[in-house]
Amino acid sequence: MPFQIIVHQPDRILEVVYPSQPTQEDVDDYLARVRTAIEELAGDWSALVDQSQLRVMPSNMVAVMAKLNAYAQLKGMKRSARVVSTAASGLQAWRMTKQAMLTIPARTFESRDDALGWLKNPDDE
């Protein structure tokens, strides 16, 4: 299963659902498609990244995704929420955020609904 990309236009949220075991081909395809989606958003937007199905992200993929996150921030990403299912994947998401040197609010959640709620209501800190 490849990466799923869903744009929630009214809320300006770009949602990505990771497959459980992405291949290099999946990653290459995703990078091309998500960059197009980011360009089309043109302005401020938020990211919802569902990594709950992802088993383990290979270390080389962490670096690639960190670069993508840095690019996304330059292209208008104002908030980033990640959904994870284990403490290890939460730690990996934190490492990626740190490596990308994001300066925007970024949080990790165990539930998609909680993550979406945080993105839709930024004043409810």
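Residues numbered from 1 in each chain as written. Predicted model: local features only at pLDDT ≥ 70, side-chain atom pairs only at ≥ 80, totals over all residues. Heavy atoms only, no water.

A.B. asks: Looking at this structure, I do not really get the overall build of the chain. What am I missing?
C.D. replies: Per the secondary structure count, the chain includes four helices and five strands. Counting helices and strands in the order they occur from the N terminus, the chain gives β-β-α-β-α-β-α-β-α. A sequence separation of at least 24 residues applies to 78% of the contacts in the chain between residues at least 6 apart. For the chain, the exposed surface amounts to about 6,800 Å²; the carbon and sulfur share of it is 52%. (Helix = DSSP H or I, 4+ residues; strand = E, 2+ residues; numbered from the N terminus. Contact = heavy atoms within 4.5 Å. Areas by Shrake-Rupley, 256 points an atom, 1.4 Å probe, with all protein chains shown as cover.)

A.B. asks: Explain the pattern of salt bridges here, please?
C.D. replies: Two side chains bearing opposite charge may form a pair once their charged atoms approach each other closely. By the definition in use, this model includes five salt bridges. The residue E15 makes a salt bridge to R112 at a minimum N-O spacing of 2.8 Å. Separated by 97 residues along the polypeptide, E15 in strand β2 (residues 13–17) and R112 in helix α4 (residues 112–120) bring together distant segments of the chain. With a relative accessible area of 30%, R112 lands in the partly exposed category. Two residues, K78 and D44, come together in a salt bridge whose shortest N-O distance is 3.9 Å. Of the two residues, K78 is situated in strand β4 (residues 77–83) and D44 in the loop between α1 (24–41) and β3 (45–50); the sequence distance between them amounts to 34 residues. Among the residues examined, D44 registers a relative accessible area of 48% and is labelled partly exposed. (Salt bridge = Lys/Arg side-chain N within 4 Å of Asp/Glu carboxyl O. Buried < 20%, exposed > 50% of the residue type's maximum accessible area, 1.4 Å probe, protein only.)

A.B. asks: Just to check I follow, could you spell out the confidence of the model for the chain for this structure?
C.D. replies: Any segment with low pLDDT has predicted coordinates that should not be analysed in fine detail. Per-residue pLDDT for the chain has a mean of 87; in total, 87% of the residues score no lower than 70. Mean pLDDT across the secondary structure elements of the chain bottoms out at helix α3 (residues 87–100), with 65, and peaks at β2, with 97. (pLDDT = per-residue confidence, 0-100.)

A.B. asks: Is there a simple way to explain the sheet that holds β4 in this structure?
C.D. replies: Across a sheet, paired strands are connected by hydrogen bonds in the backbone, their directions being either parallel or antiparallel. Strand order in this open sheet of five strands is β1-β2-β3-β4-β5, and the pairing throughout is mixed. Two strands close off the open sheet at either side, each with one partner strand: β1 (4–8) and β5 (106–109). Adjacent strand axes in the sheet meet at a mean angle of 15° when their direction is disregarded. Summarising the sheet, β3 and β4 pair through six bridges and their orientation is parallel. (Pairing = 2+ DSSP bridges. Axes fitted to C-alpha atoms, helices over the stretch in contact; angles between N-to-C directions.)

A.B. asks: Got a minute to help me understand the pairing of β3 in this structure?
C.D. replies: Taken residue by residue, a regular strand's side chains alternate between the two faces of the sheet. Burial within β3 is extensive, with six of its six residues counted as buried. Residue alternation in β3 divides its side chains into two sets, W45, A47 and V49 and S46, L48 and D50, and both sets are buried. Two elements, β2 and β3, share five bridges in a ladder whose sense is parallel. Note on β3: the bridge partner recorded for E15 is L48.

A.B. asks: Looking at this structure, I do not really get the side chain of R79. What am I missing?
C.D. replies: By the secondary structure assignment, R79 is in strand β4. One polar contact links the side chain of R79 to the main-chain carbonyl oxygen of W118, over a distance of 3.2 Å. (Polar contact = N/O pair within 3.5 Å; in protein donor to acceptor, adjacent residues only side chain to side chain.)

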